[in-house]
Amino acid sequence: MENLVYAIVLLPLIGFVINGLFGKRLPKALVGGLATLVVFAAFLISVSIFIGFPADGTPVIVKAFEWFTIGGIQVNFGFQIDQLSLMMMMIVTGIGSLIHLYSIGYMSHDKGFYKFFTYLNLFIFSMLLLVMGSNYLILFIGWEGVGLCSYLLIGFWYENTEYGKAARKAFIMNRIGDLGLLIGIFLIASQTNALDYLSVAQNASKFEFDGVVIMFITLSLFIGAMGKSAQIPLFTWLPDAMAGPTPVSALIHAATMVTAGIYLVVRSNFLYHLSPSTLDFILVIGLATSLIAAFIGLRQNDIKKVLAYSTVSQLGLMFIALGVEAYTSAMFHLMTHAFFKALLFLGAGSVIHAMSGEQDMRFMGGLKSKIPVTYWTFLIGTLAIAGIPPLSGMISKDEILVALWAKSPVIWGLTLFSAALTGIYMFRLLFLTFFGNFRGTEDQKHHLHESPISMTLPLVVLAVLSVVGGFINLPHFIGHGEYQNLAHWLEPLYVYGAKHAEVPFNIEMILLAITLVMVAAVFFIVRNIYVTKNKMAQPEENYKGWERLSAKKLLIDELYNATVVKPVEGLGKGTRMFDKLMDRFFNFLGFGAVESGRSFKKFQDGNVENYVLIMSLAIGLILIVNFLLQ
């Protein structure tokens, strides 16, 4: 297994090096094929390790070398292969290979083709380090690596100034979170004298239950998760990140990188169990993020922006589950979300490709018959995220809702409302894009065409996964939990035991019925508005009340600009002015020294007679002063 583990990590790195050094001189087919092949090979190896993983679930530690020892803490560079890392490895490499294949067609005419695949391979390598590392320090290296790749890919079309600003915004907001993560890692090292997960888990019982130290550690780690997984208040970077090419949105900002925060909390479950106060805070932040992002998504008209706010909202839903220690439910929804959200983003890319770059849904419509493969796969993704049975999204959402009912009916009701908002903006997106009459230009209508096979094949595969993915962890009331394969698989990870929702069967059936009625009502109401009545999206200036607030994104960006960006820019301008003043002051001192030297130089002319005369006068002056003082 050791060599296989090394191969998984090294294959994307090899692709990065080859394409980075020689890609500019290689044919595009070879560049794209190589980049895709190394990731797909890593996926096949991950599957083979999954099949041969020990039945007792014992983690496999692969030590590459002893990294360093400091202050009694020995840190090894190695990998931990267990249920969680295997699950993430298969998601990252499986969906990653599909998105690489899709990108071959999508980016075929881009002049930076080889650079794009170079960055994608570097991202996969960094993400694998993050999820496979055996300690928090290797996780941090991967964490920073995916942050760097995110910056490079968001600003890939850097000639556009706004895209460059979006990349910088993502980089800075993630650095804020990364500082919290780093502080948390330092505290873990100082308190447990270890950094590897197994040793920290063994020493975790030494912490005082819900004490100040464990609370500070878990909050610091969660701040890192807030930045990477786009939670309030560090969430505004992700919608702006849609400036990058659409495959980037699918890979980094839907299926993999933004789930790193979820992975971090689940990996550290032995710490969070000891801090209920932090879990309550996570629950509140996740709920607020889910509701606010869903509300903003209601009146966005950019197809990718709708999906971006949907991602933020769904990540909030996962954190809600983490807040009640429903770790398996959170990971289950992470997996199903990776399937249908990657499908939706790639489907949106296919729509944009067909519309010659148009992203505004107000200028689409009637695409159902023009791009049928894209339509049917996009429909499946929409039904899955909305919660239509028996698709994957419905099953994973239902698990979370049941766990929330066990915690609090109020929290369940608010989360159900967020799920209703999800259905509203997703059905609105579907109907505005694919139904009604075509609202684009004649030139766009003339060029409408289905995407090539390299783009539609990943759509079909992801659509199938969106349909069957939920069967991996069927609701526990089916067969009394016999078919909850994922729950059984992940259970050994939880040091203090897995959290199970204790809800009576009849109550669970009532909750499920309420959810299904809500989803059906949302579908027919939105269909009546946008299909039967053929209501079109209005210009933003026509919006009033809540619609205006939603379209303006609750003015959160404006608030941040007024309270953070402008003051910092003002401080920067003030610092530059102070720097200029200091430059002038020291230049003046230098000028004075030079001029005084020139003046005194006149008296240092080398004439001995003058020196003797000056010395004699000075001696005489000293004698006179001395005589007068007496």
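Before any of the text, the structure's been laid out above.
Nothing here was measured: the structure is a model prediction, and the numbers come from that model. (Residues numbered from 1 in each chain as written. Predicted model: local features only at pLDDT ≥ 70, side-chain atom pairs only at ≥ 80, totals over all residues. Heavy atoms only, no water.)

Colleague: Before we move on, could you go through the environment of Leu 86 and cite the residues and values that matter?
Modeller: Its place among the elements puts Leu 86 in helix H3 (residues 83–106). If we ignore the near neighbours within four places in the chain, the residues touching Leu 86 are Ser 46, Ile 49, Phe 50, Phe 53, Ile 81 and Trp 489. (Helix = DSSP H or I, 4+ residues; strand = E, 2+ residues; numbered from the N terminus. Contact = heavy atoms within 4.5 Å.)

Colleague: Help me get a handle on the packing of aromatic side chains, residues and values and all.
Modeller: Summed over all chains, the structure comprises 31 aromatic pairs. Centre to centre, the rings of Phe 65 and Phe 77 are 5.3 Å apart; their planes meet at 10°, and the pair counts as stacked. Remark: Phe 77 occurs in strand S2 (residues 73–81) and Phe 65 occurs in strand S1 (residues 60–70); sequence separation between them is twelve residues. Phe 65 sits in the partly exposed class, given a relative accessible area of 43%. Judged by relative accessible area, which is 18%, Phe 77 ranks as buried. On the basis of an interplanar angle of 75° and a centroid distance of 5.6 Å, the ring pair of Trp 67 and Phe 77 is categorised as edge-to-face. Here the residue Trp 67 occupies a position in strand S1, and Phe 77 occupies one in strand S2, the gap between them amounting to ten residues. Taking the relative accessible area as the measure of exposure, Trp 67 reaches 32% and is therefore partly exposed. One aromatic cluster in this structure is built from Tyr 375, Trp 376, Phe 378, Phe 427, Phe 431, Phe 434, Phe 435, Phe 523 and Phe 524. The ring of Tyr 197 carries Arg 267 above its face, with NZ or CZ at 4.9 Å from the centroid. (Phe/Tyr/Trp six-rings, centres within 6.5 Å; stacked < 30°, edge-to-face > 60°. Buried < 20%, exposed > 50% of the residue type's maximum accessible area, 1.4 Å probe, protein only. Lys NZ or Arg CZ within 6 Å of the ring centre and 35° of its normal.)

Colleague: Describe a positive patch on the surface, and please don't skip the residues or the numbers.
Modeller: Side chains of Lys 566, Lys 573, Arg 576, Lys 580 and Arg 584 sit close together on the surface and give a patch of like positive charge. Relative to the elements of secondary structure, Lys 566 occurs in helix H24 (residues 556–601). Owing to a relative accessible area of 53%, Lys 566 belongs among the exposed residues under this scheme. (Patch = residues over 30% accessible without salt bridge, like charges linked within 9 Å, V, L, I, M, F, W, Y side chains within 5 Å. Areas by Shrake-Rupley, 256 points an atom, 1.4 Å probe, with all protein chains shown as cover. Salt bridge = Lys/Arg side-chain N within 4 Å of Asp/Glu carboxyl O. Lys, Arg positive; Asp, Glu negative; His and termini not counted. Charge placed at Lys NZ, Arg CZ, Asp CG, Glu CD.)

Colleague: Report on the environment of Val 373, specifying residues and quantitative values.
Modeller: Tracing the sequence through the fold places Val 373 in helix H16 (residues 372–386). Taking relative accessible area as the criterion, Val 373 reaches 32% and is therefore assigned partly exposed. Residues Val 373 and His 446 lie 73 residues apart in sequence; the distance between their C-alpha atoms is 19 Å. If sequence neighbours within four positions are ignored, Val 373 has contacts with Glu 450, Thr 456 and Val 460.

Colleague: An account of the pairing of S1 is requested, with residue identities and associated values reported.
Modeller: As paired strands, S1 and S2 are joined by nine bridges and run antiparallel to one another. Considered in S2, the bridge of Phe 65 is made with Phe 77. Once S1 ends, the chain turns through two residues before running back antiparallel as S2, passing Gly 71 with a positive phi of about 60°. (Pairing = 2+ DSSP bridges.)

Colleague: For the packing of helix H14 (residues 303–323) against helix H17 (residues 392–407), give the residues involved together with the corresponding values.
Modeller: For the pair H14 and H17, interaxial distance at closest approach is 10 Å and the crossing angle is 45°. Relative to H17, H14 is oriented oblique. As for how H14 packs across H17, the hand of that crossing is left-handed. Facing Gln 314, Leu 317, Ile 320 and Ala 321 of H14, the residues of H17 in contact are Lys 397, Ile 400 and Leu 404. Here the residues of the contact of H14 with H17 are counted per class, giving five nonpolar, one polar and one charged. (Axes fitted to C-alpha atoms, helices over the stretch in contact; angles between N-to-C directions. Parallel < 35°, antiparallel > 145°, perpendicular 65-115°, else oblique. Left-handed = near helix turned anticlockwise from the far one by under 90°. Nonpolar A, V, L, I, M, F, W, Y, C, P; charged D, E, K, R; others polar.)

Colleague: How would you explain the pattern of salt bridges if you had to name every residue and give the values?
Modeller: Counted under the stated rule, the structure contains eleven salt bridges. Between Glu 144 and Arg 175 there is a salt bridge, with its nearest N and O atoms 3.6 Å apart. With a gap of 31 residues between them, Glu 144 in helix H5 (residues 136–154) and Arg 175 in helix H6 (residues 161–192) connect regions that are remote in the sequence. Salt-bridge contacts for Lys 407 lead to Asp 280; the nearest nitrogen and oxygen are separated by 3.7 Å.

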